[in-house]
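What follows is the residue order along each chain.
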Amino acid sequence: MIITKEDVGRISTLARLDLREDDQSLFAQQLSGILRIIDALAEVDTEGMNQMVSPAGLTNVFREDIVLPSVDPEEALSNAPDREGAFFKVPRIMEVD
Amino acid sequence: MRPNELKAHELLPMIRRKEVTVEEAVTETLHRIAAIDGTIQAYITVAGEQALGKAKEADARLAKGEPARPLEGLPVAIKDNICTKGLRTTSASRYLEDFIPPYDATVVRRLEDAGAIIVGKTNLDEFAMGSSTENSAMFPTRNPWNLKRVPGGSSGGSAAAVIADEAVFALGSDTGGSIRQPASFCGIVGLKPSYGLVSRYGLIGYASSMDQIGPMTRDVKDCALVLRAIAGYDPSDSQSYPKELPDYTGCLVSDISGITVGVPKEFLEEGLSDTVKDAFMKALDKLEELGARIMEVSLPHSRHALAAYYVISSAEASSNLARLDGVRYGYRASGCEDSASMMAMSRGEGLGPEVKRRIVLGTYVLSAENHETYFNEALRVRSLIARDFREVFEACDCLVGPTSPTVAFEAGEKTRDPLEMYLSDVYTVPPNLAGIPGISVPCGFDEEGMPVGLQIMAKQYDEETLLRVAYTFEEATEFHKRRPEIQKGAHESAGGERSV
């Protein structure tokens, strides 16, 4: 597979990642090289194999529903770039008419 | 010898017998850092005052007659992607440059409960993505054996600190070789435990189905000592291994007679340098001489491991790093009109090129049209890789091979082509995909005096066999005793001075 500069632009929008024009071109070229290696996966006969998402082999790890102390709100907010009272503050989310 | 130059198992009894105070051990370590770290650049943050305070508390406890704890007074370096409450944790990213974690990682809690003293946080490739520590957004770390060369990565700061006497031992993290490859490049011992053995709680996640924290030490005995302290079930890590663990120091038996050692032929094929191959073949002869039965085996799907690894790790990274949104912590771009552009710009400005490349690759392989072709297929290939290992472990107790195809390379040599850099992890990636443990131990030096590492792998959760073989090999060899003579000033033409 070849990734074009336009592909990189589209993907980076999906990933909410602002990329400079020159980075988009460079990534397109580098990722095409990486995909040439990755494309070899298609040659492997994987008929009947499970998708291995984790090597732990655990399923449905349950625990008792017990209330335990958690991070103090002040501590949780201590790294916030911007805050108001007990809230994280962000620029506007909704479109304005 | 000064306390910071000793092995953990040598310094511990001296502290216990009060021949050395904890304050002395920590002070000497901080002196060494002050003297040499301008050259090595292993540390992002040095926690001098905090360490001295804790050292004095420990000495006061010992003076009162309280018993010494299992790692009492040992100066330890922590990779800077492991959260330390109240102590800056950057993951070597501009994005987290001022991040002060509100909690400790489980491994940090366990080390401090065992008496270890954190002296600082070590450099890494940004978010642990890289194999040379050159992807650090702060500065590169230099290899103490030759300052023009890289220390490996991503745990390059931890490896360099241990061999340069800037800590008695260190913690690293390993997703595709990030403990073992720098251990190999710096001539120390580095263990990636079985997936689930050591809690990941508080580790800044990169590829969560492969990430493991592990010890980086001066010998195998120290490795067992540290593993014993950090391993074990943790309810805060949903993939934590829930069973009782053995005392890993109990398996340090210098005897491998009757052990069957498999050599995967795929690990000796093209790309392996002659010097590394020579050192490895000699190590193999040594294992045979020590009574092991050597057997050639095949891991036919391992040649697809790197491809599967880059699909899976990038996919998991793109998902994991979605939390870097400029809202709750970390960098926020200024002057943005709405939240969506604030997030995109914060990530664009705060993250380095390798991290961005992997987010793009990961998003690409997870996108609707590619999900089946790339991501699901890589997970099926991963099953085959794990099955190959299970099959060979029916006939062998452990596997051996070189840790990395080459010795430490020159700074700048592989930074232009990401693919070239990825190839240095070709032998270390398969164990992460399969979840099995791997250790790198020193097994030789090339003609220029650069260390070579031997990788030993065992069945999942069979760290006992792994440590026994590693210990027996170490007892019969001298490679782990050699130390670098650091040529201050020799790096000056290499560039990359620390700027923070």
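Predicted model only: the values in this text are computed from it and were never measured. (Residues numbered from 1 in each chain as written. Chains lettered and ligands numbered in written order. Predicted model: local features only at pLDDT ≥ 70, side-chain atom pairs only at ≥ 80, totals over all residues. Heavy atoms only, no water.)

**Student:** Go over helix H2 (residues 21-38) of chain A with me, naming the residues and quoting the values.
**Tutor:** Taking 1.5 Å per residue, 18 residues should reach 26 Å; H2(A) reaches 25 Å between its end C-alpha atoms and fits that length. Next to the buried residues of H2(A) lie helix H1 (5-14) of chain A together with helix H9 (305-320), helix H11 (353-366), helix H12 (371-392) and helix H13 (418-422) of chain B. (Helix = DSSP H or I, 4+ residues; strand = E, 2+ residues; numbered from the N terminus. Expected span 1.5 Å × (residues − 1). Contact = heavy atoms within 4.5 Å.)

**Student:** Give a detailed account of the interface of chain A and chain B, specifying residues and quantitative values.
**Tutor:** Taken together, the 48 residues of chain A in the interface contact 66 residues of chain B. Around 5,000 Å² of area is buried between chain A and chain B when both sides are counted, 66% of it from carbon and sulfur atoms. Summed over the shared surface of chain A and chain B, the number is three salt bridges. When the shortest N-O distance is used, the salt bridge between Lys85(B) and Glu75(A) registers 3.7 Å. Joining chain A to chain B, the criterion identifies 17 residue pairs in polar contact (both at pLDDT 80 or more). Of the residues forming the side of chain A that touches chain B, the biggest block, nine residues, is contributed by H2(A). (Buried area = accessible area lost by both parts, 1.4 Å probe. Salt bridge = Lys/Arg side-chain N within 4 Å of Asp/Glu carboxyl O. Polar contact = N/O pair within 3.5 Å; in protein donor to acceptor, adjacent residues only side chain to side chain.)

**Student:** Summarise the pattern of salt bridges; cite the residues concerned and give the values.
**Tutor:** Residue and element names in this part refer to chain B. Per the counting criterion, the structure on display carries 32 salt bridges over all chains. The closest approach of N and O atoms between Arg 109 and Asp 104, which form a salt bridge, is 2.3 Å. Residue Arg 109 is classed as partly exposed on the basis of its relative accessible area of 35%. On the basis of relative accessibility, which here comes to 15%, the residue Asp 104 falls in the buried class. One salt bridge in this structure joins Asp 165 and Arg 483, with 2.4 Å as the shortest N-O distance. With a gap of 318 residues between them, Asp 165 in the loop between helix H5 (156-163) and strand S4 (169-174) and Arg 483 in the segment after helix H15 (463-475) connect regions that are remote in the sequence. Relative accessible area serves as the criterion here: at 11%, Asp 165 is assigned to the buried category. Through salt bridges with shared partners, one network takes in Lys 54, Asp 104, Arg 109, Glu 112 and Asp 113. (Buried < 20%, exposed > 50% of the residue type's maximum accessible area, 1.4 Å probe, protein only.)

**Student:** Tell me about the environment of Arg228(B), and name the residues and values.
**Tutor:** Residues and elements named next belong to chain B. Relative to the helices and strands, Arg 228 is located in helix H7 (residues 220-230). For the pair Arg 228 and Val 26, spaced 202 residues apart in sequence, the C-alpha to C-alpha distance is 22 Å. One polar contact links Arg 228 to Asp 247, side chain to side chain, over a distance of 3.2 Å. A polar contact of 3.2 Å, which involves the side chain of Arg 228, links it to the side chain of Thr 249.

**Student:** Run through the nonpolar core, naming residues and quoting values.
**Tutor:** Membership of the largest hydrophobic core comes to 185 residues, with the highest contact counts inside it found for Ile439(B) and Ile456(B). Those residues in contact with Ile456(B) that lie beyond four places of it in its chain are Cys398(B), Leu399(B), Val400(B), Pro437(B), Gly438(B), Ile439(B), Val441(B), Leu466(B), Val469(B) and Ala470(B). (Core = buried A, V, L, I, M, F, W, Y, C linked by side-chain atoms within 4.5 Å.)

**Student:** So what about the sheet that holds strand S6 (residues 212-217) of chain B? Which residues, and what values?
**Tutor:** All names here are of chain B. In spatial order, the strands read S1-S3-S2-S4-S6-S5-S10-S11-S9-S7-S8; together these 11 strands make up an open sheet with mixed pairing. Whereas interior strands pair on both sides, the edge strands pair on one side only; in this sheet they are strand S1 (43-46) and strand S8 (293-297). Neighbouring strand axes in the sheet, compared pairwise and without regard to direction, differ in orientation by 30 degrees on average. Pairing of strand S2 (residues 75-79) with S4 involves three bridges; the strand directions are parallel. Looking at the pairing, Ile 78 lines up with Leu 171 of S4. Sitting on the sheet, helix H3 (residues 48-63) is in contact with S1 and strand S3 (117-122), with an inclination near 160 degrees to S3. This element, helix H4 (residues 106-113), spans S2, S3, S4 and S6 of the sheet and lies at about 160 degrees to S4. (Pairing = 2+ DSSP bridges. Axes fitted to C-alpha atoms, helices over the stretch in contact; angles between N-to-C directions.)

**Student:** Could you give me a rundown of the packing of H9(B) against H12(B), with the residues and numbers involved?
**Tutor:** Residues and elements named next belong to chain B. H12 packs onto H9 with a crossing angle of 125 degrees between their chain directions and a minimal axis gap of 9 Å. What the angle tells us is that H9 and H12 run oblique. Seen along the crossing, H9 lies across H12 with a hand that is left-handed. Contact residues: Ala 305, Ala 308, Val 311, Ile 312, Ala 315 and Glu 316 in H9; Tyr 374, Phe 375, Ala 378, Leu 379, Val 381, Arg 382 and Ile 385 in H12. Taken together, the residues that form the contact of H9 with H12 break down as 11 nonpolar, no polar and two charged. (Parallel < 35°, antiparallel > 145°, perpendicular 65-115°, else oblique. Left-handed = near helix turned anticlockwise from the far one by under 90°. Nonpolar A, V, L, I, M, F, W, Y, C, P; charged D, E, K, R; others polar.)

**Student:** Got a sec to walk through the environment of Gly38(B)? Specific residues and values, please.
**Tutor:** All names here are of chain B. Along the chain, the position of Gly 38 falls in helix H2 (residues 22-40). Assessed through its relative accessible area of 46%, Gly 38 is described here as partly exposed. In sequence terms Gly 38 and Gly 438 are 400 residues apart; their C-alpha atoms lie 32 Å from each other.

**Student:** Please give an account of the layout of surface pockets that cites residues and values.
**Tutor:** By volume, the largest pocket amounts to about 720 Å³. If you trace the largest pocket, you find 27 residues lining it, with Glu270(B), Arg303(B), Leu306(B), Leu423(B) and Val426(B) closest to the centre. Looking at the lining of the largest pocket, the elements that each hand over two or more residues are H2 of chain A together with H9 and H13 of chain B. In terms of residue count, H9(B) provides more of the lining of the largest pocket than any other element does, four residues in total. Partitioned by chemical class, the residues of the lining of the largest pocket number 16 nonpolar, five polar and six charged. If you add up the space inside the second largest pocket, you get close to 600 Å³. Around the second largest pocket sit 23 residues that line it, and Val71(A), Phe99(B), Pro102(B), Tyr103(B) and Tyr201(B) are the ones nearest its centre. (1 Å grid on protein atoms, 1.4 Å probe; cavity = no way out; pocket = protein on both sides within 12 Å on 5 of 7 lines; lining within 4 Å. Points joined across faces, edges and corners; volume = space filled by probe spheres on them.)

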